[in-house]
Amino acid sequence: MTESHTLPCPHCGAANRVPAARLAEDPRCGACRKPLFTGAPLALDEAGFRRHLRLSTIPLLVDFWASWCGPCRAMAPAFEAAAKELEPGMRLVKVSTEEAPALAAALSITSIPTLALFRGGQEVARQAGALPAGQIVAWARNR
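Residues numbered from 1 in each chain as written. Predicted model: local features only at pLDDT ≥ 70, side-chain atom pairs only at ≥ 80, totals over all residues. Heavy atoms only, no water.

**Student:** In this structure, what is going on with the overall build of the chain? I would like to understand it.
**Tutor:** Along the backbone of the chain there are 4 helices and 7 strands. Since a compact globule built from 143 residues should have a radius of gyration of about 15 Å, the 14 Å found for the chain is in line with a globular shape. In terms of principal-axis extent, the alpha carbons of the chain reach across some 45 × 30 × 25 Å. Out of the 143 residues belonging to the chain, those deemed buried represent 43%. By sequence separation, contacts in the chain at least 24 residues apart represent 61% of the contacts at least 6 residues apart. Across the chain, the mean location of the 16 positive side-chain charges is 4 Å away from that of the 12 negative side-chain charges. (Helix = DSSP H or I, 4+ residues; strand = E, 2+ residues; numbered from the N terminus. Rg over C-alpha atoms; globule rule 2.2 N^0.38 Å. Buried < 20%, exposed > 50% of the residue type's maximum accessible area, 1.4 Å probe, protein only. Contact = heavy atoms within 4.5 Å. Lys, Arg positive; Asp, Glu negative; His and termini not counted. Charge placed at Lys NZ, Arg CZ, Asp CG, Glu CD.)

Written out as structure tokens, the structure reads:
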């Protein structure tokens with residue numbers, strides 16, 4: 001039996017099953033035909049985050065941030081660069097704690113920026129503070 005992954009489409013939200021061996025072959029959504037990986041972090045609201053957390057079988061690296069946070073804004077280009085390196089083995093997303101305060105409270109996000117890595121719907125690692133792209137990639141790969 002061939003191992004496969006389930007991935008929510010970043011454009012329409014449809015669940016897609018992709019053979020693991022084909023993740024790096026620019027898979028497209030079966031519903032909207034757009035690429036499943038964009039090479040950039042996805043901006044998700046609480047519902048989108050919960051959908052990706054529930055459906056995705058690849059690790060989910062989340063940047064919890066806020067628009068008023070200087071270190072968050074400074075780290076944004078590094079997080080985007082990390083997405084180019086870590087996809088398709090990992091999905092990178094951004095969640096604004098201003099727009100999803102209940103989610104931030106439920107996950108005990110007490111400082112920003114905070115990176116949280118999820119596997120199988122469970123948080124497996126957390127890192128507070130801004131990091132350069134190379135450190136984000138190394139931290140994510142070593143968890």
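**Student:** Whenever I open this one, the environment of Ala15 confuses me. Can you help?
**Tutor:** Assignment of secondary structure puts Ala15 in strand S2 (residues 15-19). For the pair Ala15 and Ala31, spaced 16 residues apart in the sequence, the C-alpha separation amounts to 8.8 Å. Not counting chain neighbours up to four residues away, the residues in contact with Ala15 comprise Thr6, Leu7, Pro8, Arg51 and Leu55.

**Student:** Sorry if this is basic, but what is going on with the packing of helix H2 (residues 70-86) against helix H4 (residues 133-141) here?
**Tutor:** Any two packed helices are characterised by the angle at which their axes cross and by the distance between the axes. One way to put it is that H2 packs onto H4 with a least axis distance of 8 Å and a crossing angle of 50 degrees. When the axis of H2 is compared with that of H4, the two are oblique. Seen from above, H2 lies across H4 with right-handed handedness. Along the contact surface, H2 presents Met75, Ala78, Phe79, Ala81, Ala82, Glu85 and Leu86, while H4 presents Ala133, Ile136, Val137, Ala140 and Arg141. Its residues placed into classes, the contact of H2 with H4 shows 10 nonpolar, no polar and 2 charged. (Axes fitted to C-alpha atoms, helices over the stretch in contact; angles between N-to-C directions. Parallel < 35°, antiparallel > 145°, perpendicular 65-115°, else oblique. Left-handed = near helix turned anticlockwise from the far one by under 90°. Nonpolar A, V, L, I, M, F, W, Y, C, P; charged D, E, K, R; others polar.)

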